[in-house]
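Understanding the architecture of this molecule
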Amino acid sequence: MYKDIQSLLNEHLSQLPDAPIIAWENLYVEVDENEVYLEPHLFPSDTFYPELGENAAAYLSGIYQVNVVAPKGQGWGNVADLVDFITEHFKRGTTLSNGNMTLRISKVNFEPGIYNAKGNYVVPISIVYFSYYNK
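A brief report on the enclosed structure follows. Along each chain, residue indices are assigned from 1 in the same order as the chain's sequence is written. Whole-chain, interface and lining totals are the exception, using all residues; otherwise, since this is a predicted model, local features are given only for residues with pLDDT of at least 70 and side-chain atom pairs are given and counted only at 80 or more. Side-chain numbers here rest on the full set of heavy atoms in the structure, without hydrogens or water.

This brings us to the packing of aromatic side chains. Between rings of Phe, Tyr and Trp, where Trp is taken as its six-membered ring, a pair exists when centres lie within 6.5 Å; planes separated by under 30 degrees are stacked, by over 60 edge-to-face, and by other angles tilted. The tally for this structure, following the rule as stated, stands at 5 aromatic pairs. Site record: aromatic cluster; members linked through ring pairs are Y59, F130 and Y132. Both a distance and an angle decide whether a charge sits over a ring: NZ of Lys or CZ of Arg must be within 6 Å of the ring centre and within 35 degrees of the ring normal. Its end group placed over the ring of Y115, K72 keeps NZ or CZ at 5.3 Å from the ring centre.

Here it is, written out as structure tokens:
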């Protein structure tokens, strides 16, 4: 089930028009540290079972975090435009489906920018999702 969740969210992110390079999790991606790039991560939360029974649906939720990573010292304007573009692409109510499950985006927000260990400016976007899964 988490493979389906991550696949749906990754696929939707990869469909972002004119997206910068995406540094996919656990893949070697050579990024130019002088360019903006994205780092997606899946943070599932506890599974909840709102119904009883052998075939009861599970409620799955969590956060798909997309970090917008930019070189230090190049201002916030281009980063803010990209953050707006991504939050609109994953706007509340967006539904993603494959043959195994359907998930929905319930909330999108971003945090203030920080500097990572490499000195890059990073703005984390939190995309909150949920799905009822019955398999």
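Glancing now at the pairing of strand 2 (residues 37–44). Regular strands place side chains that alternate from one sheet face to the opposite one. Strand pairing requires that DSSP identify at least two bridges connecting the strands. For helices the rule is a DSSP run of H or I covering at least 4 residues; for strands it is a run of E covering at least 2, with both sets numbered from the N terminus onward. Where strand 1 (residues 21–22) meets strand 2, 2 bridges bridge the pair, whose relative direction is parallel. Paired with I22 across the two strands is L38, which belongs to strand 2. By the bridge criterion, 8 bridges tie strand 2 to strand 3 (residues 58–70) in an arrangement that is antiparallel. When the bridges of strand 3 are listed, P40 appears paired with V66.

What follows is about helix 2 (residues 77–89). Between its first and last C-alpha atoms helix 2 spans 19 Å; for 13 residues at 1.5 Å apiece the expected length is 18 Å, and the two agree. We call a residue buried when its accessible area falls under 20% of the maximum for its residue type, exposed when it is over 50%, and partly exposed in between, using a 1.4 Å probe and counting protein chains only. Considered for burial, the residues of helix 2 that qualify are V79, L82, V83, I86, T87 and H89. Buried residues of helix 2, seen end-on, are gathered within an arc of 155° and therefore sit on one face of the element. Any two residues whose heavy atoms approach within 4.5 Å are treated as being in contact. Each element contacted by the buried residues of helix 2 is listed here: helix 1 (2–14), strand 2, strand 3, strand 5 (102–110) and strand 7 (121–133). One fewer than the residue count of a helix, multiplied by 1.5 Å, yields its expected span. Here the arc refers to the set of directions running from the helix axis out to each C-beta atom.

Counting buried positions along strand 3 gives 11 out of 13 residues, so the element sits mostly inside the fold. As paired strands, strand 3 and strand 7 are joined by 13 bridges and run antiparallel to one another. Residue pairing in the sheet places Q65 in a bridge with S126 of strand 7.

The next subject is the environment of T102. Mapped onto the elements of the fold, T102 is located in strand 5. Accessibility expressed as a relative area gives 40% for T102, which makes it partly exposed. Each C-alpha atom, one on T102 and one on S131, is 6.3 Å from the other, the two residues being 29 residues apart in sequence. Ignoring sequence-local partners within four residues, the contact set of T102 consists of T95, L96, S97 and S131. Here the side chain of T102 touches S97 through a polar contact of 3.0 Å, side chain to side chain. Any N or O atom pair separated by 3.5 Å or less is treated as a polar contact, with the protein-specific requirement of one donor-capable and one acceptor-capable atom, and with residues adjacent in sequence counted only for side-chain atom pairs.

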